[in-house]
Amino acid sequence: MPALAANCATVADTTAVGAFPQQLEIEEAAAAGLTLTYSDNPLFADDVASGKLPPVAERLPEQPLIELPYESCGVYGGTIEGTSRSAESGSADILSWRQVALVQMADDLVTIVPNVARSWKWNDTFTAVTFELRKGHKWSDGAPFGVDDVVFYFEDIVNNKDLSPEPTQEWGKNAHAKKIDDTHVEISFDEPFPGLLTYMATSGSYFTPFAPKHYFEKMHGAYSATADADAKAAGYDTWAKRFDAVWDKWMDAQTLTATGLEVPTLESHVLEIEPTTEQRLFKANPYYFKVDSAGQQLPYIDRVHERFLNADLQLLAILNSEIDFKAQGTTLQNYPTMQESSEKGGYEILMPPGASGPVLAFNITHKDPKLRQIYSDLRFRTAISHAINRQEIDQVSYFDLGTPTQALPPNLTFSKPEDSQYLIDFDLDKANALLDEMGMAKGSDGLRTYPDGSPFTILWEYSSQFVTPEFVKLMSDYFKSVGLNVNAKEQTSEATRENAKAATSDINMEWDIPYEPTLIADISLYTPYYSEISPLFGIGWKQWFNSDGAEGEEPPDWAKEMFELATEWKTVLPGSERYMQIGRRLIDLNLENLTIIGTVGSIPKPIIVKNNLHNVMREMPTVHFNFGYIYPYRAEQWFLQ
Amino acid sequence: MTRFLMRRLAYTLATLLLVSLVSFIIIQAAPGDFAEIYAAKKADAGAVISAAQIAEVRRELGLDQPWYVQYGTWLANAARGDFGQSWTWRRPVGAVIAERLPLTLAIAFATLVFMYVVSIPIGVYSAVRRYSFGDHAASLIGYLGLAIPNFLLALVLMYLSQRYFGQSVGGLFSPQYSLAPWSWEKLQDLLQHLIVPVIVLGTSGTAFLIRAMRAAVLDELDRMYVLSAKASGLSPMQLLLRYPVRIALVPIASTLGWRLTYVISGAPIVGVVLSLPDMGPLFLNSLLNQDMQLAGALIFLYCALTIIGTFLSDVLLVALDPRIRLE
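Residues numbered from 1 in each chain as written. Chains lettered and ligands numbered in written order. Predicted model: local features only at pLDDT ≥ 70, side-chain atom pairs only at ≥ 80, totals over all residues.

**Comments concerning the overall build of chain A**
Then, number 1: If you tally the helices and strands in chain A, you get 22 helices and 26 strands.
Then, number 2: The buried share of chain A, taken over its 641 residues, is 51%.
Then, number 3: Across chain A, the fraction of contacts at a sequence separation of at least 24, relative to all contacts at a separation of at least 6, is 70%. (Helix = DSSP H or I, 4+ residues; strand = E, 2+ residues; numbered from the N terminus. Buried ≥ 20, exposed ≤ 12 C-beta atoms within 10 Å, placed from the backbone. Contact = placed C-beta atoms within 7 Å.)

Here you go:
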């Protein structure tokens, strides 16, 4: 490594330790005896010499964030090659390389650490949090970033009736921002929302609760008297339409068109040329607010190049050594092929456990009363769980690399090891006995009937988006082995969703297994009906609960308890004693009632890392959309050598 | 002639209108709409999209209005030459198409040239040397070309070119040239990348044309006028090119119209497989995503091309065969 390594403290260094892992604030660096002389990327040298850019010390905030690299302080230069399916499809991975938010999740995926914000402070009731911003922080166009940009986001975008007729609840109920002083801003809401920081650092990291006021005010009706006229001249009906076309909550969408060249950002890389339907190119942000422990401004890598390729071509491009890093959209099925070519392609494959196999939820609230009676019988669901040979599924579909499991969000701080093993033993005798007990006798053809003797068939309409036909075939054989007739039929995802909403489907599968941060932000994913797009069961139950019994249908006691716990959950601080209790009880209620039946979990997810890409976190606990993909693993310190 | 053209034009406009209406209804008839598919894609990546967010997208795009209002708005704008926005790419439809047009035309033109340059001489050769080894070989290869599905051929050729020639896959440029300004090296890179798509897109057409050409020339060779021309002392080559081949080109010229459209629309599946930056994948994805305004504009464009192509082939026919007269 370069000579810089001598005065470069890394994550392994025991003297450079701050309040949060792997990063220091400027006072902490001084206390640890680190003297920082700022230097920057030679890429900017010409612009600095010609006066187009100020020198690095003036571009950095007075209080930059100091990052301790995984391996060593890096060298500047190079273009990193990435690929996604198309704009806004499979592109979250590459967005996460340059992403910033007020706070960040450390790479343990538990600790929340400062990022754009230097610090934060809650009030006692968790209805307001005050963030401290960095003095002298600047947008990528050099304009100052500060409290006003946060206030603008909340007051003039989220709470503007023209832009958001129904204000979003994601930052808390009726969230508002208020300026305290030049570096302090308070975000407050009507109901306690202690999960806000977790949300901001994980699945909310794709949206940022600030927007460049100096750029947007000229097209905003509240600030510019000519906003409507300007919008008409630009070809839009109203200023709000024009604003919508330029601003987007998904930070990824903002770089889809040429307007992305103008909108300033705090991200590590900024759109450089007009994007096309084939590619995007980003260049290092000269005003990025982080330095390494030797004082070099981050990021090291000059440019990020993103090509839009379909899945088959992505694989070929990886084999052909054209991709430097890829985490999203790689499948285990392609692992052998990728492994075989890894030497020739000059890349390494990391295998963090991240994926879960398919899950099944029988429709406990099926519209058909006869089917409902069967599916709502816990004995039936228990029998199904015992009839599944999970070991075999793991071998057939996942090269025996997964782990048989009951349906359970992975790595919860409030789960016990035995939770994942609940009722998953493969035991046909037990399954048959339970079905016999229900009165579902076997006919002469070996198939079970309804207790009244009429023929019984599970109509399984599945979408190949969530499950392979091979998996359905395996499962159908398991069902048949205990005498249950199955009629499996492939459908489009749109059709399965419509059936799910109408409660006419027998089996629903669209439950994207939530992780703990996802649950903190949205506990409804672990209580009926589990999925807003494609409800698993219990739409009527939730209506009943939400309307105090005026609408819908009365849920069973266990579901009522779940709804009550979910309501309380939103008000408790993550990690607190009550939080752990509620979480524990929700696991128990879900498991005891076998609301969802799991198959295989802890499936490794291949991640491609080119050999010349350095400072990549090696032991990523998991890489998933819900954690902001690479956001916790600090891609701004990657370098090519 | 003027009346003929006016009538043709009226039919053309009526056809275009009808096609746009029917395609609008058909795209709408599929379950879901752009907003839902957008949400589903986000969900596929692991995001949780709320019903309110879907409603928001729908409201922004005007999808909350009934289909005939949407169609009316679209048509009124289209009449003024404004084909609206591509929702997927968030920019005007015209800009999206314009971006893909040059390379689409390059591929289309190269493929057409490939098809005709290869098929016409081979077709004539196998007619003149009927049942020779060369004829059998050409026929065998031709049948294979017809029988192999395009996308399969695309996959095989792509694999071979990646594996044995180390060529970058997908698109028309290597990554290092895709952003570079035009240069001699970039042109070479483009030409190298054109080989696979041109062969794939041209193979089945070539095979068909060889057979058509062979049959047509064979038909003509036994005619009396050939015999009399031979008797009057024309050299065999002159005779062949001046009479039988010219007549045999008639059926081939008459199919130029839809062949042009086929090549321009680029056989979407092949385009998707090879990740070609032409209009095929754009069209397919616009339909899959229910990106209505882009899909509408592309259907409109393809119909217009078919009609123009048919018109062109009519003119060609008149030029080739003096016996054809306008009624």
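Read on, since the account is not over.
**Here we look at the overall build of chain B**
Then, number 1: Counting secondary structure elements, chain B contains 16 helices and two strands.
Then, number 2: Each principal axis of the C-alpha distribution contributes one length, and for chain B these read about 85 × 60 × 35 Å.
Then, number 3: Sorting the 327 residues of chain B into buried and exposed places 35% on the buried side.
Then, number 4: Long-range pairs, those at least 24 residues apart, make up 71% of the contacts in chain B with a sequence separation of at least 6.

**Side note on unusual backbone geometry**
Residues and elements named next belong to chain A.
Then, number 1: That bond from Leu298 to Pro299 is cis: its omega, -5°, falls within 30 degrees of zero.
Then, number 2: In this fold, Pro299 is placed in the loop between β12 (290-292) and β13 (303-308).
Then, number 3: Across the junction of Pro528 and Tyr529, the peptide omega takes the value 10°, indicating a cis bond.
Then, number 4: Within the element layout of this structure, Tyr529 appears in the loop between α19 (516-521) and α20 (539-546).
Then, number 5: For Ala503, which is not a glycine, the phi torsion comes out positive at approximately 60°.
Then, number 6: Take Ala503: it is sitting in the loop between α18 (493-501) and β21 (507-508).

**Structural notes on the sheet that holds strand β11 (residues 279-284) of chain A**
All names here are of chain A.
Then, number 1: One open sheet accounts for four strands, arranged β3-β13-β11-β10; its pairing is mixed. Pairing within the sheet leaves two strands with one partner each, and these edge strands are β3 (79-84) and β10 (269-271). Within this sheet the neighbouring strands show an average axis-to-axis angle of 25°, counted without direction.
Then, number 2: As defined by bridge partners, β11 adjoins β13 across five bridges and the pair is classed as antiparallel. By the bridge assignment for β13, Leu281 is matched with His305. (Pairing = 2+ DSSP bridges. Axes fitted to C-alpha atoms, helices over the stretch in contact; angles between N-to-C directions.)

**Focus on the sheet that holds strand β7 (residues 128-133) of chain A**
Within a beta sheet, neighbouring strands are joined by backbone hydrogen bonds and run either parallel or antiparallel to one another.
Residue and element names in this part refer to chain A.
Then, number 1: With respect to topology, four strands assemble into an open sheet ordered β6-β7-β9-β8, the strand pairing being antiparallel. Every interior strand has two partners, whereas the edge strands, β6 (117-122) and β8 (176-181), have only one. Adjacent strand axes in the sheet meet at a mean angle of 25° when their direction is disregarded.
Then, number 2: In this structure, β6 lies alongside β7, joined through five bridges in antiparallel fashion. Residue pairing across strands places Trp120 opposite Phe131, the latter belonging to β7.
Then, number 3: Sheet strands in contact with helix α5 (residues 147-158) are β7, β8 and β9 (184-188), and its direction is about 160° off that of β8.

**Details of the confidence of the model for chain A**
Residues and elements named next belong to chain A.
Then, number 1: The pLDDT averaged across chain A works out to 91; a share of 99% of its residues lies at or above 70.
Then, number 2: Element-level pLDDT for chain A is lowest in strand β16 (residues 353-355), with a mean of 78, against a maximum mean of 97 in β7.
Then, number 3: A low-confidence stretch, residues 1-5 stays under pLDDT 50, and its non-local contacts, those more than four residues away or across chains, total six contacts. (pLDDT = per-residue confidence, 0-100.)

**Here's the deal with the interface of chain A and chain B**
Then, number 1: In this complex, chain A contributes 41 residues to the contact, which on the side of chain B involves 36 residues.
Then, number 2: For the side of chain A that touches chain B, the secondary-structure elements that each account for two or more residues are β11, β13, α10 (311-319) and α18 of chain A.
Then, number 3: Its residues placed into classes, the side of chain A that touches chain B shows 13 nonpolar, 16 polar and 12 charged. (Nonpolar A, V, L, I, M, F, W, Y, C, P; charged D, E, K, R; others polar.)

**Quick look at the domain arrangement of chain A**
All names here are of chain A.
Then, number 1: When cut into domains, chain A gives domain 1 (3-211 + 247-351 + 606-640) and domain 2 (361-601).
Then, number 2: For domain 1 versus domain 2, the separation of C-alpha centres amounts to 37 Å.
Then, number 3: Facing 15 residues of domain 1, the contacting portion of domain 2 comprises 14 residues.
Then, number 4: Grouping the constituent residues of the side of domain 1 that touches domain 2 by class yields seven nonpolar, seven polar and one charged. (Domains from an automatic or database assignment.)

**Re the pairing of β7 of chain A**
Then, number 1: Side chains of β7 of chain A alternate between two faces, with Val129, Phe131 and Leu133 of chain A buried and Ala128, Thr130 and Glu132 of chain A left unburied.
Then, number 2: The turn joining β6 of chain A and β7 of chain A, which pair antiparallel and follow one another in sequence, is formed by five residues; a positive phi near 60° is taken by Phe126 of chain A.

**So, the packing of helix α21 (residues 557-569) of chain A against helix α22 (residues 577-592) of chain A**
Residues and elements named next belong to chain A.
Then, number 1: Running from amino to carboxyl end, α21 crosses α22 at an angle of 155°, the nearest separation of the two axes being 10 Å. On the basis of the axis angle, α21 is roughly antiparallel to α22. Crossing angle aside, the handedness with which α21 passes α22 is left-handed. The segment α21 lies against α22, with Trp558, Glu561, Met562, Leu565, Glu568 and Trp569 engaging Ile582, Arg585, Leu586 and Leu589.
Then, number 2: Of the residues assigned to the contact of α21 with α22, the class counts are seven nonpolar, no polar and three charged. (Parallel < 35°, antiparallel > 145°, perpendicular 65-115°, else oblique. Left-handed = near helix turned anticlockwise from the far one by under 90°.)

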